[in-house]
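# Notes for the structure review
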Amino acid sequence: MGREFSGGKLCLDVKKNLKKMLQAIQKEYNDTVSKMEKLRLEDKTKTVTYKQLMGTKIVLQNMISRYEIYGLLKK
């Protein structure tokens, strides 16, 4: 079941909001990588928590890549 969009109003502060969103994504990405590194050092890479963090990391990488693809972030 997808979400349908029917021409909602565009916020006038798009640039500012995109920047805030990117910063939040980058912070979450860095936090996720740090947690993964901690688990790796504890030799807990086979845990469910580590695997969930890996999934989160991939999703966040994809979101950051979208910013790059659309020219909103330099590689």
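Structure: above.
The model shown is predicted, which means the values in this text are computed figures rather than measured ones.

## Details of the nonpolar core
- In this structure, Leu22, Ile25, Tyr29, Leu60, Ile64 and Tyr67 together form the largest nonpolar core, which totals six residues.
- Looking at this core, the elements with two or more residues in it are α1 (14-41) and α2 (48-69).

## As for the environment of Tyr50
- Examined against the element boundaries, Tyr50 turns out to sit in helix α2.
- Classification of Tyr50 as buried rests on a relative accessible area of 14%.
- Along the primary structure Tyr50 and Leu39 are separated by eleven residues, whereas in three dimensions their C-alpha atoms are 6.9 Å apart.
- In contact with Tyr50, not counting residues within four places along its chain, are Met36, Leu39, Arg40, Lys44 and Thr45.

## Notes on the pattern of salt bridges
- Counted according to the given criterion, the structure contains five salt bridges.
- Among the ionic pairs, Lys38 bridges to Glu42, the shortest N-O distance being 3.4 Å.
- Residue class for Lys38 comes out exposed when judged on its relative accessible area of 54%.
- Among the salt bridges present, the one from Lys44 reaches Glu42, with a minimum N-O distance of 3.5 Å.
- On the accessibility criterion, Lys44 (39% relative accessible area) is partly exposed.
- Connected via shared salt-bridge partners are Lys38, Glu42 and Lys44.

## Notes on α1
- Taking 1.5 Å of rise per residue, 28 residues should cover 40 Å, and α1 covers 40 Å from first to last C-alpha, within 8% of that figure.
- When we look at burial in α1, the residues that qualify are Leu22, Ile25, Tyr29, Thr32, Met36 and Leu39.
- Those residues of α1 that are buried lie in contact with α2.
- Of the residues one or two after α1, Asp43 is the one with positive phi, at around 55°.

## Quick word on unusual backbone geometry
- Here the phi dihedral of Asp43 falls at roughly 55°; this positive angle occurs in a residue that is not glycine.
- Locating Asp43 in the fold gives a position in the loop between α1 and α2.
- Take Asp43: its relative accessible area is 66%, and that puts it in the exposed class.

## Structural notes on α2
- Compared with an ideal rise of 1.5 Å per residue, which puts 22 residues at 32 Å, α2 spans 31 Å between its outermost C-alpha atoms and is within 8% of the ideal.
- If you check which residues of α2 are buried, you get Tyr50, Leu53, Leu60, Ile64 and Tyr67. The buried residues of α2 occupy an angular sector of 85° when projected down its axis, which confines them to one face. In α2, the exposed positions angled more than 90 degrees off the buried face are occupied by Val48, Lys51, Gln52 and Ile69.
- Buried residues along α2 sit against α1.
- Gly71 sits one or two positions beyond α2 and adopts a positive phi of about 75°.

The rules behind these values
Residues numbered from 1 in each chain as written. Predicted model: local features only at pLDDT ≥ 70, side-chain atom pairs only at ≥ 80, totals over all residues. Heavy atoms only, no water. Core = buried A, V, L, I, M, F, W, Y, C linked by side-chain atoms within 4.5 Å. Buried < 20%, exposed > 50% of the residue type's maximum accessible area, 1.4 Å probe, protein only. Helix = DSSP H or I, 4+ residues; strand = E, 2+ residues; numbered from the N terminus. Contact = heavy atoms within 4.5 Å. Salt bridge = Lys/Arg side-chain N within 4 Å of Asp/Glu carboxyl O. Expected span 1.5 Å × (residues − 1). Arc of directions from axis to C-beta.

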